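# Coordinates in review
These are the residues of each chain, in order.
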Amino acid sequence: MLTLDRLTARWGDWTLEADFSVEPGAKLALIGPSGAGKSTLLGLIAGHETPDAGRVLWQGEDLTDAPPAARPVSMIFQDNNLFPHLTAAQNVGLGLRPDLRLDRGQRSQVESALERVGLAGLGARKPGQLSGGQAARVALARALLRHKPLMLLDEPFGALGPALRTEMLDLVAELADETGATLLIVSHDPDDARRIADGVVLVADGIAYPPAPTEDIFANPPEALRAYLG
C-alpha cells in the first residue's frame, strides 16, 4: 500500500497537501487545473521532490528520505526521458543496468520487452528515428523491465493524437494488470480517467484529495472538479 501521511510541499505561498492511501494494484488518474500540483505529487512519491512535512510510505516502509533509485518506482515523463544517442534497445536496457553491461539473458529480456510493447525488430533504431508513439513504447518497455510495483506516468501521451493515445492507455492498463503494479497517471483529459482508472485523485486548491471511484466522481463532481471541467 502507498501511503501519503500528512504530506506537505511548499514553494513561497503555494502549498500542496496530501493525506491518503492507495491500495496495491489500483489504477488512479490525477486530474486538476494546470499548476495545481499533479506533477509535484508524482515527484514527491518518486523522490524527485522533497516534502516540507509528512511521509511517503510503501508497504509500511518510510521512503521519505530515500533517493529515487532506492524507491520501488518507475516513472515515465512527458518527454519519455530517452537518451537520443542510444538505441531503443539500449534505452530499454538502462532499466536493468545503468552501465548497459548486459549478459545474454538480459539482452533477451530487452528483446522480449520490446516485443511486448509492439516494437519487435526496432531495437537498433535511435529515438530520432521513432514516431512519438514508438518512443512512448520504448519508455514503457523500460518501465516494464524494471519490475517496480509503483508506476507513475506524468502526461506521457499528451502529444499523441486521440486514437494513438487511446491505444497507449490500453497498453498501460494491460501492463499494470499483468504486473500487478499500482498505477498513477497524470492527465488533463477526463476520458483518459474514464478509460483506464478505477479511481480519481482530484488535485486542486492546494489539496490532493483522497481517491474517489471514477464513475462516482464524474457522476457527482465536487465543486473544484466542476470548475475544472467547465
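Notes on the structure in this doc start here.

Calculation notes
- Residues numbered from 1 in each chain as written.
- Predicted model: local features only at pLDDT ≥ 70, side-chain atom pairs only at ≥ 80, totals over all residues.
- Heavy atoms only, no water.
- Helix = DSSP H or I, 4+ residues; strand = E, 2+ residues; numbered from the N terminus.
- Buried < 20%, exposed > 50% of the residue type's maximum accessible area, 1.4 Å probe, protein only.
- Axes fitted to C-alpha atoms, helices over the stretch in contact; angles between N-to-C directions.
- Parallel < 35°, antiparallel > 145°, perpendicular 65-115°, else oblique.
- Left-handed = near helix turned anticlockwise from the far one by under 90°.
- Contact = heavy atoms within 4.5 Å.
- Salt bridge = Lys/Arg side-chain N within 4 Å of Asp/Glu carboxyl O.
- Core = buried A, V, L, I, M, F, W, Y, C linked by side-chain atoms within 4.5 Å.

### Focus: unusual backbone geometry
- At arginine 6, a position not held by glycine, the phi torsion is positive, near 50°.
- One can find arginine 6 in strand S1 (residues 2-11).
- Residue arginine 6 is classed as exposed on the basis of its relative accessible area, which comes to 59%.
- Positive phi outside glycine occurs at aspartate 205, with the angle close to 55°.

### Comments concerning the packing of helix H3 (residues 104-116) against helix H4 (residues 132-146)
- Put simply, H3 and H4 touch, their axes get as near as 9 Å, and they point 130° apart. On the basis of their axis angle, the class for H3 and H4 is oblique. In this structure, the crossing between H3 and H4 has a hand that is right-handed. In contact with Gln109, Val110, Ala113, Leu114 and Arg116 of H3, H4 contributes Ala141, Leu144 and Leu145.

### A look at the pattern of salt bridges
- Enumeration according to the criterion identifies 11 salt bridges in this entry.
- Of the charged contacts, one joins arginine 55 and aspartate 5 as a salt bridge, the two residues approaching to 3.0 Å between their closest N and O atoms. With arginine 55 in strand S4 (residues 53-58) and aspartate 5 in strand S1, this residue pair connects regions lying 50 residues apart in the sequence.
- Take arginine 55: its relative accessible area is 35%, and that puts it in the partly exposed class.

### Focus: the environment of alanine 113
- Within the secondary structure, alanine 113 sits in helix H3.
- Note on alanine 113: relative accessible area 4%, which makes it buried.
- Through-space distance from the C-alpha of alanine 113 to that of leucine 2 is 26 Å; in sequence the pair is 111 residues apart.
- Setting aside anything within four residues of it in sequence, one finds alanine 113 in contact with Val92, Ala141 and Leu145.

### Thoughts on the nonpolar core
- Residues Val92, Leu140, Leu153 and Phe157 are the most contacted members of the largest nonpolar core, which totals 47 residues.
- By residue number, the principal contributor to this core is H4, which donates nine residues.
- Excluding residues within four positions of it along the chain, leucine 140 makes contact with Ile76, Val117, Phe157, Met168, Leu171, Val172 and Leu175.
- Counting residues in hydrophobic clusters, the runner-up holds 29 residues, among them Phe20, Leu41, Trp58 and Met75.

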